[in-house]
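Structure assessment
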Amino acid sequence: MKKVITYGTYDLFHQGHLNLLKRAKELGDYLIVGVTTDNFDLGRGKLNVCNNVIERIEAIKQTGLADQIIIEEYIGQKIDDILKYNVDIFAIGSDWEGKFDYLKEYCEVVYLPRTEGISSTTLREKQRDIIRIGIIGTGNIAKRFVNEAKFITNVRIHTAYNPNLEDCKSFCNELKITEVSSSLSELVSKVDAIYIASPPLTHYFYTKYAIESGKHVLCETPFVLSEKEAIELYDLANNKNLRLMMALKTAFYPAFNHLISLLKSDIIGDIVSVDASITTLTDEKSPKLDFEQAGGSMNENACFSLLPIFKLLGVNYVDINFYSRFKNNVDIYTKCIIRYPQSIASFQVGLGVKSEGSMVIAGTKGYIYIPAPWWKTEFFEARYEDLNKNRKYFYPYEGEGLRYEIKEFVSCIMNPNKISFKLTKEEVLSIIRVQELFIKDSKSIYRI
Ligand code: C2G
């Protein structure tokens, strides 16, 4: 019996897939079809898959062509499968020509003609609306955002605005954004959603303007530095059925989400302590260290450390204290200790002091160690008293990782009833509350 194996995502199952399966089946007597898991596709940068793995498997079953369906969940699995199932022929569409020649060592490799004119990508574009995004602020983070947005099929970076028109023109030119907006009203009239990457003190005004103009908003960190303003903006967005999201990128990275899920599944027992540090030595002349521009380590970086603390220990702490060194009126270093009824958290942030940027989460059964930079990690380790039980977890991200945040923003816009657990309004408000306390209540700050 001649066994043939083929693999694919088979999203929005179409004629091209069907032709490929028929051709593969004709090569032998027994056809095995490998369907990628959602996680595997995420890992290889396919972020736009519409059907989940169950739906995609069901579509293959419906063809009646597969004698066996298996799932593909890791890189390198094809060799394992060929050996495990005694496969004679590996077949795949001609768009992969040459890419799987390394399998010739294990079986025959056949590239079958691809059906022209149809693909999951074009079907996805037809099926879904395109979200046009306008950008306010044209600095480095905005550049990275534009480059990462290219990986989300149903997003177009349509236009940008910067009060300095010349800067805006060169930004649009460099990034091939066709429309330059010379005013805010022009910007909002052209798009469905706005990404705000302007200096922190402009965030409130721009967010309010965008929401009042009926646009969804994704706003960079620090979002706003007053809880009252944040609540007002959320209420405004809510009343207009618009999405308002803080661009806290850590919340959307694959490894961070797996970490939170594993910890909630009790892998280290009760969590007793969370310690997270993030320090970035910054030029003294940077706006990030300018008091007049809401600079300082707490304003700049506390949101990252507070995220895992609030996700894991909740937002109802008993008290909070800050130990800070100030220079030119801004904290160049702060250590913060947050006491809960049965646990404790601490973090260090610094723009003028450097420390190890790792995170340790201690529990009653073991602990998690995440090396620097934990806020955009691809790896963490669970460690136990019995070293044999230690386990390393790898969840790589694609590109710069910003695409996961963009994907979540767009997915929330497209699914108005979706509740995003990755970063809740309560978590955002609690982060802002801590930053505001630091600015306004000097009683809880001990100067060092
Ligand atoms: N295909 C085709 N004609 C099309 C579209 C797709 O023949 N118009 C083929 C592809 O070449 C592939 C199969 O259909 O052999 C599945 O395609 P996808 O769902 O796009 O999966 P893909 O990303 O190609 O994954 O490990 C997974 C494999 O590497 C292939």
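Rules behind the numbers
Residues numbered from 1 in each chain as written. Predicted model: local features only at pLDDT ≥ 70, side-chain atom pairs only at ≥ 80, totals over all residues. Heavy atoms only, no water. Core = buried A, V, L, I, M, F, W, Y, C linked by side-chain atoms within 4.5 Å. Buried < 20%, exposed > 50% of the residue type's maximum accessible area, 1.4 Å probe, protein only. Helix = DSSP H or I, 4+ residues; strand = E, 2+ residues; numbered from the N terminus. Domains from an automatic or database assignment. Pairing = 2+ DSSP bridges. Axes fitted to C-alpha atoms, helices over the stretch in contact; angles between N-to-C directions. Contact = heavy atoms within 4.5 Å. Parallel < 35°, antiparallel > 145°, perpendicular 65-115°, else oblique. Left-handed = near helix turned anticlockwise from the far one by under 90°. Near = heavy atom within 4 Å. Polar contact = N/O pair within 3.5 Å; in protein donor to acceptor, adjacent residues only side chain to side chain. Areas by Shrake-Rupley, 256 points an atom, 1.4 Å probe, with all protein chains shown as cover. 1 Å grid on protein atoms, 1.4 Å probe; cavity = no way out; pocket = protein on both sides within 12 Å on 5 of 7 lines; lining within 4 Å. Sits in = over half its atoms within 2 Å of the grid points. Buried area = accessible area lost by both parts, 1.4 Å probe. Salt bridge = Lys/Arg side-chain N within 4 Å of Asp/Glu carboxyl O. Nonpolar A, V, L, I, M, F, W, Y, C, P; charged D, E, K, R; others polar. Phe/Tyr/Trp six-rings, centres within 6.5 Å; stacked < 30°, edge-to-face > 60°. Lys NZ or Arg CZ within 6 Å of the ring centre and 35° of its normal.

The next subject is the nonpolar core. Phe223, Ile361 and Ile368 are the most contacted members of the largest nonpolar core, which has 105 residues in total. The element that contributes the greatest number of residues to this core is helix α12 (residues 297–313), accounting for ten residues. Looking at which domains feed residues into this core, each of domain 2 (128–247) and domain 3 (251–447) supplies at least three. Membership of the second largest hydrophobic core comes to 15 residues, among which are Val4, Leu31, Ile60 and Ile89.

Okay, the sheet that holds strand β14 (residues 330–339) next. With mixed pairing, nine strands are arranged side by side in an open sheet as β19-β18-β17-β16-β12-β15-β14-β13-β20. Looking along the sheet, the strands with just one partner apiece sit at the ends: β19 (391–394) and β20 (445–447). Here the average twist between neighbouring strands, direction ignored, is 15 degrees. When strand β12 (residues 271–279) meets strand β16 (residues 359–363), the two strands line up antiparallel, connected through five bridges. Bridge assignment links Asp275 to a residue of β16, and that residue is Val360. Each of β12, β16, β17 (367–370), β18 (379–383) and β19 is contacted by helix α11 (residues 254–264), which is oriented at about 20 degrees to β18, the strand it contacts most. Most of the contacts of helix α14 (residues 425–440) go to strand β13 (residues 319–327), to which it runs at about 55 degrees, and overall it touches β13, β14 and β20.

Here the focus is the sheet that holds strand β8 (residues 179–181). One open sheet accounts for six strands, arranged β8-β7-β6-β9-β10-β11; its pairing is parallel. A strand with exactly one partner marks an edge of an open sheet, and here the two such strands are β8 and β11 (244–246). Strand-to-strand twist across the sheet, computed as the mean angle between neighbouring axes with direction ignored, equals 25 degrees.

Turning next to the packing of helix α6 (residues 140–149) against helix α7 (residues 165–175). The contact between α6 and α7 brings their axes to 11 Å, and the two run at 30 degrees. Taken together, α6 and α7 sit at an angle that is classed as roughly parallel. Of the two elements, α6 crosses α7, and the hand of that crossing is right-handed. Contacts from Ala142, Lys143, Val146 and Asn147 in α6 reach Phe171, Glu174 and Leu175 in α7.

Time to look at the site of the ligand. Inspection of the region around the ligand gives 21 residues, with Tyr10, Glu72, Asp95, Thr115 and Ile118 positioned closest. With respect to the ligand, the side chain of Glu72 contributes an N or O atom lying 2.5 Å from an oxygen atom. Here Gly93 contributes a backbone N or O atom positioned 2.9 Å from an oxygen atom of the ligand. Burial of the ligand by the surrounding chains reaches 95%, relative to a free accessible area of 620 Å². In this structure, the ligand is accommodated by the second largest pocket. Sorting the residues of the shell around the ligand by element identifies β1 (3–8), α1 (15–26) and β4 (89–93) as the ones contributing at least two each. When residues of the shell around the ligand are assigned to their parent elements, the largest contribution, three residues, is made by α1.

Interface size, as often reported, equals the accessible area lost upon joining of the parts. Domain annotation for the protein reports domain 1 (3–121), domain 2 (128–247) and domain 3 (251–447). On a C-alpha basis, the centroid separation for the pair domain 1 and domain 3 is 40 Å. Counting residues at the interface gives six residues for domain 1, matched by five residues for domain 3. Both sides together, the interface formed by domain 1 and domain 3 hides about 490 Å², and carbon and sulfur atoms give 59% of it. Taken together, domain 1 and domain 3 are joined by zero salt bridges. Here domain 1 is connected to domain 3 by zero residue pairs in polar contact (both at pLDDT 80 or more). Of the residues in the side of domain 1 that touches domain 3, the class split is two nonpolar, three polar and one charged.

Across all of its chains, the model carries 19 aromatic pairs by this definition. Summarising the aromatic geometry, the rings of Phe205 and Tyr209 are spaced 6.2 Å apart at their centres and angled 40 degrees between planes, so their arrangement reads as tilted. Of this pair, Phe205 and Tyr209 both sit in helix α9 (residues 203–212), four residues apart, roughly one helical turn. Over the face of the ring belonging to Tyr7 we find Lys78, whose NZ or CZ atom lies 4.9 Å from the ring centre. Above the plane of the ring of Phe151 lies Arg403, whose end atom (NZ or CZ) is 3.7 Å from the centre.

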